[in-house]
Amino acid sequence: MYRYILGLTLLLATLNASVFEKDCISCHEELDVGLDKFFYRYVLTFSSQSAVKVALKDYLLNPMKEKSILPEGLLLKYGVKEPTTLSEKELEIAIDEYWDRYTFIGKIK
Amino acid sequence: MSALKSWDTSLQIREKRTLLYFGVLYFSLSLAILSLFSIGYFFNAKDAMLQNMRLELNVKANTQVEALRKFHIDFDKTRLYPRNDEFNSGIFDADGVEIFSLLKTTPELFKIIYLKNGLIHYIKEPQSHYLGTKYLVLEVEDDGLWRDKALKYIAYFWSISLFILGVGGYFLLKLFLKPMKEAIALLDRFIKDTTHELNTPINAILTNIEMLEDESLDKSVEQKLNRIKIGAMTVANLYQDLTYLTLGHKIASSDERVEMYELLKERLEYVKPMCDSKRLKTSIKGDESFLFIDRKKISKLVDNLLSNAIKYNKVGGEINIRVFKNHFQICDSGRGIDPDKLKDIFKRYSRANSSVGGFGIGLSIVSAIAKEYGLEMELNSTKEGTCIDIFWD
């Protein structure tokens, strides 16, 4: 009985999860480097929200080694990722959530 | 020569006004130039201060960039922005959006360093965008020392410059005045010299005419003689005017109680030949009226007013005199005085109409005598004629 309840809860949670949680976090959890570290590198390179979002979207749609902000070592270890299967709209929603979750603005004291 | 010296060749109001305009223009221009220099110096001093501050603040900005680098790396451990007692700072992204700021005012990110509202802002663009920082802004308070120093130097500069300009202006004015004074002195000297030579021949002409009048003369000779008499009287009047101008201030007044109606009647009779020559109708009305004054001077005043009333009258016109208790009026039917010339009409060498002869000293003498005895004058002129009223207490 408990097993069914647990299974049902997990199923509902998966159904309610956002695109970012389902399609980004789920994969990155398996990597050594957290999503926050990627964010910091993006911000370090592109500075503003608009520039970061444009660069991220561009990379996820057409991943290339030249566009990657990963250090050489990590790039060798993990390689360049596959192009996203998400639609542009879904991708934009996921990137927005990514920005909101890790942005420095409003968090510094 | 004593007459020469006694003649007041000091500048008249017109010349003084010219000098005033010159003075105002000279000092306005001087002040404008001084102001421009001062403003230039002030902004130069400000720029120099900002350049010095730029070097100083750049060192501090590098320290802050290093602190931001550590903060970026350690953001998981601490969220406390690195502060510095020597300055306030703020960080802004490439779109100018504030990431975090301790600044008192919103900075102008497109500048490098500037002073505004007593605060100096220095904007540095770090090579790496730690926490997204495109612009790091440092803010320090301006101690104002440079301003005090600059203002002190400007005050010294103004004091010395004004002194030099004042002295220079004084000598420039003297230089400027010299030809004007010389021209006036030359004119006055000429009039005085001429005056000295006029008296004897005029008296000879008038005396001989009077002797001839007693004899029975042919009508046409009598007319010619009358014209000579008018001419001689005009010159005699001019001689008296000039004598008044040259010696008027030296002659002691012999004031007495003068009955004005009788005096005006007498003076009107005196100028009758001149009135007749222009076929002017004359009238005098009024009552007894007394004025305590030098008889010669009031006669001169009346003669000059009548002379003008005749001179500027039309042929066949009128001259009407009215005498009241403390006031008399002389009206003519001439063409009137141009409103632009009314304000200058009592000044020496001023003439209402240049087509009529004369030196333009008649009304100047009228004005001088009126001023000496506190008489008030009122001049009303239209195209139909001119009335002048003389009032006394």
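Nothing here was measured: the structure is a model prediction, and the numbers come from that model. (Residues numbered from 1 in each chain as written. Chains lettered and ligands numbered in written order. Predicted model: local features only at pLDDT ≥ 70, side-chain atom pairs only at ≥ 80, totals over all residues. Heavy atoms only, no water.)

**Student:** I'd like to hear about the nonpolar core, residue by residue, with values.
**Tutor:** Core analysis: the largest hydrophobic core is formed by 54 residues, its most contacted members being A:F104, A:I108, B:I91, B:I120 and B:L131. Not counting the four nearest positions on each side in its chain, B:I91 is found in contact with A:I108, B:L68, B:Y81, B:V97, B:E98, B:I99, B:F100, B:L131, B:T133, B:Y135 and B:L136. If you look at the next biggest cluster of nonpolar residues, it comprises 50 residues, including B:A232, B:Y261, B:M274 and B:I284. (Core = buried A, V, L, I, M, F, W, Y, C linked by side-chain atoms within 4.5 Å. Buried < 20%, exposed > 50% of the residue type's maximum accessible area, 1.4 Å probe, protein only. Contact = heavy atoms within 4.5 Å.)

**Student:** Tell me about the pattern of salt bridges, and name the residues and values.
**Tutor:** One pass over the full model with this rule turns up 22 salt bridges over all chains. For B:K60, the salt bridge is made with B:E56, and the minimal N-O distance between the two is 3.6 Å. With B:K60 and B:E56 both in helix α2 (residues 13-73), this residue pair falls 4 residues apart, about one helical turn. Taking relative accessible area as the criterion, B:E56 reaches 39% and is therefore assigned partly exposed. Across the salt bridge formed by B:R295 and B:E256, the nearest N and O atoms sit 3.8 Å from each other. Here B:R295 is found in helix α7 (residues 295-311), whereas its partner B:E256 is found in strand β6 (residues 255-259), with 39 residues between them in sequence. Here B:E256 falls in the partly exposed class, since its relative accessible area comes to 32%. The structure contains a network of salt bridges with shared partners spanning A:E21, A:E97 and A:R101. (Salt bridge = Lys/Arg side-chain N within 4 Å of Asp/Glu carboxyl O. Helix = DSSP H or I, 4+ residues; strand = E, 2+ residues; numbered from the N terminus.)

**Student:** Account for the confidence of the model for chain B, with residues named and values stated.
**Tutor:** Residues and elements named next belong to chain B. Here chain B averages 86 in pLDDT, and 90% of its residues register 70 or above. Every residue in residues 1-10 is under pLDDT 50, and counting partners more than four places away or in other chains gives 19 contacts. The complex prediction reports pTM at 0.58, with the ipTM value standing at 0.83. (pLDDT = per-residue confidence, 0-100.)

**Student:** Can you lay out the sheet that holds strand β12 (residues 385-391) of chain B for me, pointing to particular residues and giving the numbers?
**Tutor:** Whether parallel or antiparallel, the strands of a sheet pair through hydrogen bonds between backbone atoms. Residue and element names in this part refer to chain B. Overall, mixed pairing links the 5 strands, which are arranged β7-β9-β10-β12-β11 in an open sheet. Of all the strands in the sheet, just β7 (281-286) and β11 (376-382) have a single pairing partner and so form its edges. Looking at each pair of strands side by side, their axes are set apart by 10° on average, direction ignored. Sitting on the sheet, helix α5 (residues 260-270) is in contact with β7, β9 (318-324) and β10 (327-332), with an inclination near 170° to β7. (Pairing = 2+ DSSP bridges. Axes fitted to C-alpha atoms, helices over the stretch in contact; angles between N-to-C directions.)

**Student:** I'd love a proper account of the interface of chain A and chain B, names of residues and values included.
**Tutor:** Facing 17 residues of chain A, the contacting portion of chain B comprises 23 residues. Between chain A and chain B, roughly 1,500 Å² of surface is buried when both sides are summed, and carbon and sulfur atoms account for 60% of that area. Together, A:L44, A:I108 and A:K109 form the three largest contributors to the area buried by chain A at its contact with chain B, with a combined 37%. Remark: the boundary between chain A and chain B carries 1 salt bridge. The shortest N-O distance in the salt bridge between A:K37 and B:D76 comes to 2.6 Å. Our count for the chain A to chain B interface comes out at 11 residue pairs in polar contact (both at pLDDT 80 or more). Those elements that provide at least two residues to the side of chain A that touches chain B are α3 (35-46) and α4 (49-61) of chain A. Considering each element in turn, the side of chain A that touches chain B owes the most residues, 7 residues, to α3(A). The class makeup of the residues in the side of chain A that touches chain B is 7 nonpolar, 6 polar and 4 charged. (Buried area = accessible area lost by both parts, 1.4 Å probe. Polar contact = N/O pair within 3.5 Å; in protein donor to acceptor, adjacent residues only side chain to side chain. Nonpolar A, V, L, I, M, F, W, Y, C, P; charged D, E, K, R; others polar.)

**Student:** Tell me about the packing of α7(B) against helix α9 (residues 362-373) of chain B, residues and numbers included.
**Tutor:** Residue and element names in this part refer to chain B. One can describe the packing of α7 onto α9 by two numbers: an axis separation of 9 Å at closest approach and a directional angle of 145°. Handedness of the α7/α9 crossing: left-handed. Residue-level contacts link K297, K300, L301, N304, L305 and N308 of α7 to G362, L363, I365, V366, I369, A370, E372 and Y373 of α9. For the contact of α7 with α9, the class distribution of residues is 8 nonpolar, 3 polar and 3 charged. (Left-handed = near helix turned anticlockwise from the far one by under 90°.)

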